[in-house]
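If you want the building blocks of each chain, they are given just below.
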Amino acid sequence: MSVLSCYLKYVFKFKNNKNKKKTDTIIFISNELSRTGAPTVLLALLKWLKENTKLSFIVLASKGGEIESDFKAVAPTFVLEDRSIFPFLQELNTRNISLIYSNTFVNGLLQKIFGVLNVPQICHVHEMAYFINLLGSGNFKYIDKNTQQYIAVSNAVKNGLVEDFNVFEDRITMINAFIDIPKVSISEDEVRKLKSELNISPETFVLGSVGSTDWNKGVDIAITLAETLSKKLDNFKYIWLGASNNIINNQCMVDVKKAGLTEIFHFIPPSPDKYKYYELFDIFITPSREDSFPLVNLEAGFMKKPILCFEKSGGSQEFVSDDCGCASPYLDIEHMVGKIIELYNSPQERKKLGENAHKKIINELNTQIQAKKIYNIIKKYINHEDGRERLS
C-alpha cells in the first residue's frame, strides 16, 4: 500500500503536465503476465500494434509470469511485485499519457489511481459475473467510474455487464477473443511417441480438456463425465492438460482414485508443446461452469477438433454454435455422454465439425482480424477531442 501511495502522489504531481516534447503513450495494465487467456490476448494485441501502427505504449503488470520476457521484447514492461515501481515512475516522467488500457477486470485500484490523469480509460473484460462479484463491489466501482469504454470478449460477457451490473449497453463493444495462427507441424512419429509416454494405444479414443484445475473450469465435472462414460464405452482416455498444483487438483485426484478412473483420467501439467496434446484428442471437452470465451476452444478448433461444452457457461456456446460441436444443457452429463458416443461412432461427423471450427479461426478469430477492431477503438479515444468529451 505504501508503494501505491507513492505512486498516487507521483501521478498527481504530473497531472495535466503535458509536454509537447514527450511522446504520447498508452499504458496497458495487466494483472499478471502468465500463460493464461487474458495476458495471451494482450500480448498478441501488442505485437500486432507494434508491427502495424505507430502507437507508443508501455506495460504495467501487478505480477509477472511465464511470458514476461515476451512482453519485454515488445514494449517497456514493469512488474509491481518486482519492486519496479520506481523505474516505472521514471519512465512516466519521459512520456505524455494519452490512454489507459486495462486488460481484465482485476485492475480496479490501478484504474482509480490513473483516474487523476483525466485521460480516457478502456477496460477489456475477460470475466463473467461470478468472478467480478468475487473481486468485490469496491473494485467494480473503481472500474466503472473510470472506464469510458468496455470491450467484452463475448456476448455472454457483454450481456452480464448489462444485466447483472447495470452498465449501459452503449459503453460496451463486443470483440471476441482471438489467437495468433500458430505454425504447427506435428509428425506422426511425435504423436506415436507421446501416446507411448502416456500409455495410450493407437486404437484408444481420446477426450481432452485444457485449463487450470479450478472450480469455474469444471474439472470435477470432467471426472463425473468420465465415470459416466466408462459405463458405456470401453476403450477411452481422458487427458486434462494444465493441471495446477492446488487444493482442487489434489481433491480431484482423490475422486479419480475412488471412482476407479486411474487408468482412464490423467492430469498433465502445463506444457509448451500443448498442440501435440491437441493432436491426440478425438474430441475436445470444455466442461466449464463459467468461462468468458476460452482460448482453448480456439486452439482446439484450429487443430480441427470437435468441441463439446455446456449452455449458459459463457462464450463457449457462441463459438461452438451447432456447426463446431454441441452445447449440452447446463451440467447435463448424460446429454454430453450421449454426444460423445454419437461422435465416437461417426468419424465423418467429427471431421466435419473440426473443419468448421478450423475455418472460424482462419476467417474470423485470429489476431490479424480482431486486433484491427480494437485498434479502431483505441484510435477513437486517443483523438483527444472524443476522449475529453466523454470525460467531461
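As shown above, the structure is provided for reference.
Read on for a plain summary of the structure. (Residues numbered from 1 in each chain as written. Predicted model: local features only at pLDDT ≥ 70, side-chain atom pairs only at ≥ 80, totals over all residues. Heavy atoms only, no water.)

**Details of the overall build of the protein**
Move 1: Scanning the protein for helices and strands turns up 18 helices and 13 strands.
Move 2: With the C-alpha coordinates of the protein rotated into their principal frame, the extents come out at 70 × 40 × 40 Å.
Move 3: Taken across its 392 residues, the protein has 55% of its residues classed as buried.
Move 4: Excluding contacts between residues fewer than 6 apart, the proportion of contacts in the protein whose partners are at least 24 apart in sequence is 72%.
Move 5: Carbon and sulfur atoms make up 48% of the accessible area of the protein, which totals about 18300 Å².
Move 6: With 48 positive and 46 negative side-chain charges, the protein shows a separation of 8 Å between the mean positions of the two kinds. (Helix = DSSP H or I, 4+ residues; strand = E, 2+ residues; numbered from the N terminus. Buried < 20%, exposed > 50% of the residue type's maximum accessible area, 1.4 Å probe, protein only. Contact = heavy atoms within 4.5 Å. Areas by Shrake-Rupley, 256 points an atom, 1.4 Å probe, with all protein chains shown as cover. Lys, Arg positive; Asp, Glu negative; His and termini not counted. Charge placed at Lys NZ, Arg CZ, Asp CG, Glu CD.)

**Focus: the side chain of Glu290**
Move 1: Within the fold, Glu290 resides in the loop between strand 11 (283-285) and helix 13 (295-302).
Move 2: Lacking a salt bridge, the buried Glu290 has Arg289 as its closest oppositely charged neighbour, with an N-O distance of 9.9 Å. (Salt bridge = Lys/Arg side-chain N within 4 Å of Asp/Glu carboxyl O.)

**With respect to a nonpolar patch on the surface**
Move 1: A surface patch of nonpolar side chains, amounting to about 400 Å² of accessible area, comprises Tyr130, Phe131, Leu134 and Trp215.
Move 2: Mapped onto the elements of the fold, Trp215 is located in the loop between strand 8 (205-210) and helix 10 (219-230). (Patch = residues over 30% accessible without salt bridge, like charges linked within 9 Å, V, L, I, M, F, W, Y side chains within 5 Å.)

**Focus: helix 15 (residues 333-344)**
Move 1: When the terminal C-alpha atoms of helix 15 are compared, their 16 Å separation across 12 residues agrees well with the 16 Å that a helix rising 1.5 Å per residue should span.
Move 2: Those residues of helix 15 that fall on the buried side of the exposure criterion are Ile333, Met336, Val337, Ile340 and Leu343. Taken around the axis of helix 15, the buried residues stretch over an arc of 125°, which confines them to a single face.
Move 3: Looking at the buried positions of helix 15, the neighbouring elements they touch are strand 8, helix 10, strand 11, strand 12 (307-310), strand 13 (325-328) and helix 16 (347-363).
Move 4: A side-chain oxygen of the first residue of helix 15 lies 3.4 Å from the backbone nitrogen of Glu334; this N-cap is Asp332. (Expected span 1.5 Å × (residues − 1). Arc of directions from axis to C-beta. Polar contact = N/O pair within 3.5 Å; in protein donor to acceptor, adjacent residues only side chain to side chain.)

**Some thoughts on the pairing of strand 10 (residues 265-268)**
Move 1: The alternating pattern of strand 10 places Phe265 and Phe267 on one face and His266 and Ile268 on the opposite face, and all of these are buried.
Move 2: The pairing of strand 9 (residues 236-241) with strand 10 spans 4 bridges and is classified as parallel. Bridge pairing in strand 10 links Trp240 to Phe267.
Move 3: What joins strand 9 to strand 10 is helix 11 (residues 247-258), and the crossover it makes is right-handed. (Pairing = 2+ DSSP bridges. Right-handed = clockwise from strand over helix to strand, strands pointing away.)

**Some points on the pattern of salt bridges**
Move 1: A full pass over the atoms with the stated rule returns 16 salt bridges.
Move 2: One salt bridge in this structure joins Lys304 and Glu355, with 3.8 Å as the shortest N-O distance. Taken as a pair, Lys304 in the loop between helix 13 and strand 12 and Glu355 in helix 16 lie far apart in primary sequence, 51 residues in all.
Move 3: Of the residues examined, Glu355 reaches a relative accessible area of 26% and is grouped as partly exposed.
Move 4: In the salt-bridge network here, residues are joined through shared partners; they are Glu188, Asp189 and Arg192.

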